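Single-letter residue listing:
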2 protein chains.
Amino acid sequence: MKNMIYIQSGGPTSVINSSLYGAIQEAKLHSSQIDHIYGSLYGVEGLIEDNIIDLGLEDEEQIELLKQTAGAILGTTRRKLPRNVHDPVYQKIIDNIEKHNIKYIFINGGNDSMDTCHKLSVLSQEMGLDLRVIGVPKTIDNDLAVTDHSLGFPSAAKFVINSVNSTAIDAGCYRSGKVYVVEIMGRNAGWLTASTDLLPDDTRPDLIYIPERPFDPNLFLEEVKEVYERKGYAIVAVSEGIEFSRKSMGNVRFDSFGHAQLGGIADELCEYVEDELNLPTRAVEFSLTQRAFPPLISKVDQDEAIYIGRMAVRSALEGETGKMIVIKRISDEPYVIEYRLEDVGNIANHESIIPESMMLDHTRMSESFRRYLRPLIRGEIEIKYKDGLALHASLKKIKVK
Amino acid sequence: MKNMIYIQSGGPTSVINSSLYGAIQEAKLHSSQIDHIYGSLYGVEGLIEDNIIDLGLEDEEQIELLKQTAGAILGTTRRKLPRNVHDPVYQKIIDNIEKHNIKYIFINGGNDSMDTCHKLSVLSQEMGLDLRVIGVPKTIDNDLAVTDHSLGFPSAAKFVINSVNSTAIDAGCYRSGKVYVVEIMGRNAGWLTASTDLLPDDTRPDLIYIPERPFDPNLFLEEVKEVYERKGYAIVAVSEGIEFSRKSMGNVRFDSFGHAQLGGIADELCEYVEDELNLPTRAVEFSLTQRAFPPLISKVDQDEAIYIGRMAVRSALEGETGKMIVIKRISDEPYVIEYRLEDVGNIANHESIIPESMMLDHTRMSESFRRYLRPLIRGEIEIKYKDGLALHASLKKIKVK
């Protein structure tokens, strides 16, 4: 009998723990093939350093709560594995795979995590290991290649859309208004920022700036001025990834994947508007809550996350490896999708950005974008609260010796 | 037959429109005494400038949606009325009161708005007008005097508590963590920031700084360092009103009430921690959503807001004037309160801050604070969504000629 291990990787989403829930529930149905359901703590670090827990020992009630638990319950990492399969880190991984009799490895993550998935799959082939490595897609940035959309993006979009709606209503309460610059996550892809285009006329951002289009500071000032003079206030949505900086570039920090650490663009643009246009401004940020805020989970997103968690386990048992599960859109209305397996090598390190056809111009999305997004944020889930606080799973995390 | 006018004033809350809903529903029950239900647009400005709508002409379905509508549906203002009752602005008010046959005036606001309430009440007496002026309390800052708590504070606290919970869970996912500085609204009173103390041990902020206590930057650094070394990350909640600034004071702007415009304290503290302790940081802000985000409305808060809106109308009809409705706490568990009328002159321009007895030390609250807060955030309301977007009321706003 062989064991499985589940790895969460990269930034959390609202449904990353829903996929884990699906995988655990499916694995329990196959107890004749899967002996133990292990979890790797802090992403692939747990597999490297033998920091592994037995998820089969957790209470069923807490497993149920995974569906409304923020963060990544197993812990996560941004560590990238080395290219060279003879690097000593791989020997540690192989040792732990053998020690714990692991055959099935599931990696739930985004672009960079699919790189880890790909490397473990290559390792398995080159070293002749009997492994099944399956990727479970996830990223609020929605920038994973091949798949129609990424798990977690719909719920993040739903949070951002509802938050911008509330912010725009609030902004409209005052007769002498401000320029509100709302900063939204998204490094190279503007999907999440663009999602605010789905709002109705009275609360839709007046201007949406995404990294797919070059950012022209002078044009930006002109556009903000025009809106402000017409409406008395302006709502501007900007992706954190647009290229604009008044700070010296020496201040930019990089994470271990070599990405610049971003943030603060709203503050910079507000200062710019105040200095150049002499208009009152307010920077708005949704911080970490935009990627994981259970009360705004999209039911479509959660259902898909659970399904893909289950399918990952079934696929591994059927002998698949080096694959990620992708979503193919069949129809927008009614919303129909298919799940398929795709070679993870075709996905890792690629990026999906918003295509031209989904943009109306450099500050607005087209109807095809709205048709794409509309079905994804539908449906609410019932959240369990205790004394006003949304409950979160608390695991015992019993280490495997 | 006489008419009533309803005024929303100051910053919006999640339940400011629930009080309006209550007042409208109650007024409709008394159609033999109240002919028209008017709304003043943009706070008292509408009454000054004859910018008044007939709320009786709105669809019942939209009136129902007021209970889940962010912002202040009638528009609001921060304008302060002059001290001198012979100022020409009062003549404009008197003209419009006479023109529209208004007898009942309701002002829904915080400290500064109760000042408006008080001045209109004084005006009424001095000029011998036949007016009934009643205040409906509201402010997320919870700093209104005399009342046990202010409408809107419980829902804001519920949003902040749940958001800090999600943020803390997210922060705990990484093995090498950061210092998270969460900035929460509150000018002179730390109620909203302190509310995060209600969280369970694993997500409660490690350090809570409120304006009631002097802020010592060196002690702050020591405390942050101690937590970071012990846990590997730190969650710090700070009120926007604490006194700390690395910026030149020349940058501070003031609103028309003479209050300094605040914000950006989290960014400043993060820079300070990076420079002095060389630790990675992340500033977290919940922006405008913390004061009005319908999905996190506290049912207790909404029920009280509706009740007080209704009671304001009944009190005016019974002949009361120059009063605000206050809440008296009878018991924490079970939660029992009474509603009373209090002279608005005893409330206007006073501020209620957190008493010493509710603080354990300068970074933690006492059990008496938690007993006070616990019942206020209980209960969820059912939000109506359409295609993933929480619905908001849309009024026709038909002007009264």
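Residues numbered from 1 in each chain as written. Chains lettered and ligands numbered in written order. Predicted model: local features only at pLDDT ≥ 70, side-chain atom pairs only at ≥ 80, totals over all residues. Heavy atoms only, no water.

Q: Is there a simple way to think about unusual backbone geometry in this case?
A: When glycine is set aside, most residues are seen to have a negative phi, and most peptide bonds are trans. Cis geometry is found at the peptide bond from A:E333 to A:P334, where omega equals -5 degrees. Inspection of the secondary structure puts A:P334 in the loop between β10 (323-331) and β11 (336-343). One non-glycine residue, B:K397, adopts positive backbone phi at about 50 degrees. Structurally, the position occupied by B:K397 is in the segment after β15 (389-390). Judged by its relative accessible area of 31%, B:K397 is partly exposed. (Helix = DSSP H or I, 4+ residues; strand = E, 2+ residues; numbered from the N terminus. Buried < 20%, exposed > 50% of the residue type's maximum accessible area, 1.4 Å probe, protein only.)

Q: Before we go on, may I ask you to explain the confidence of the model for chain A in this structure?
A: When pLDDT is low, close inspection of the predicted coordinates is not appropriate. Residues and elements named next belong to chain A. Mean pLDDT over chain A: 93, with 96% of residues reaching 70 or higher. Taken together, the stretch residues 248-256 has pLDDT below 50 and engages in 13 contacts with residues farther than four places along the chain or on a different chain. Both confidence scores are given for the complex: pTM 0.94, ipTM 0.94. (pLDDT = per-residue confidence, 0-100. Contact = heavy atoms within 4.5 Å.)

Q: Looking at this structure, how should I read the packing of aromatic side chains?
A: Here the distance between the centres and the angle between the planes together describe a pair of aromatic rings. What the rule picks out here adds up to 29 aromatic pairs over all chains. Here the aromatic rings of A:F369 and A:Y372 are separated by 6.5 Å at their centres, their planes lie at 45 degrees, and the arrangement is tilted. Of the two residues, A:F369 and A:Y372 both sit in helix α11 (residues 367-373), three residues apart, roughly one turn of that helix. Both residues of the pair, A:F369 and A:Y372, belong to the buried class. The aromatic ring of A:Y233 is capped on one face by A:K231, whose charged end is 4.5 Å from the ring centroid. Over the ring of A:Y385 we find B:K158; its NZ or CZ atom is 5.2 Å from the centre of that ring. (Phe/Tyr/Trp six-rings, centres within 6.5 Å; stacked < 30°, edge-to-face > 60°. Lys NZ or Arg CZ within 6 Å of the ring centre and 35° of its normal.)

Q: I'm lost on the layout of surface pockets in this one. Help?
A: Unfilled space is identified by rolling a water-sized probe across the atoms. For the second largest pocket, the calculated volume is near 950 Å³. Lining the second largest pocket are 42 residues, and of these A:H392, A:A393, B:I169, B:D202 and B:T203 lie nearest its centre. Tallied by class, residues from the lining of the second largest pocket come to 21 nonpolar, eight polar and 13 charged. (1 Å grid on protein atoms, 1.4 Å probe; cavity = no way out; pocket = protein on both sides within 12 Å on 5 of 7 lines; lining within 4 Å. Points joined across faces, edges and corners; volume = space filled by probe spheres on them. Nonpolar A, V, L, I, M, F, W, Y, C, P; charged D, E, K, R; others polar.)

Q: Would you mind showing me how to read the packing of helix α8 (residues 217-231) of chain B against helix α9 (residues 265-277) of chain B here?
A: When two helices pack together, their arrangement is given by the angle between the helix axes and the distance between those axes. All names here are of chain B. At their nearest, the axes of α8 and α9 sit 11 Å apart, and the two run at 75 degrees to each other. Regarding the angle of α8 to α9, the classification is roughly perpendicular. The residues of α9 that touch α8, namely those facing P217, N218, F220, L221, V224 and K225, are L269, Y272, V273, E276 and L277. Of the residues contributing to the contact of α8 with α9, the split by class is eight nonpolar, one polar and two charged. (Axes fitted to C-alpha atoms, helices over the stretch in contact; angles between N-to-C directions. Parallel < 35°, antiparallel > 145°, perpendicular 65-115°, else oblique.)

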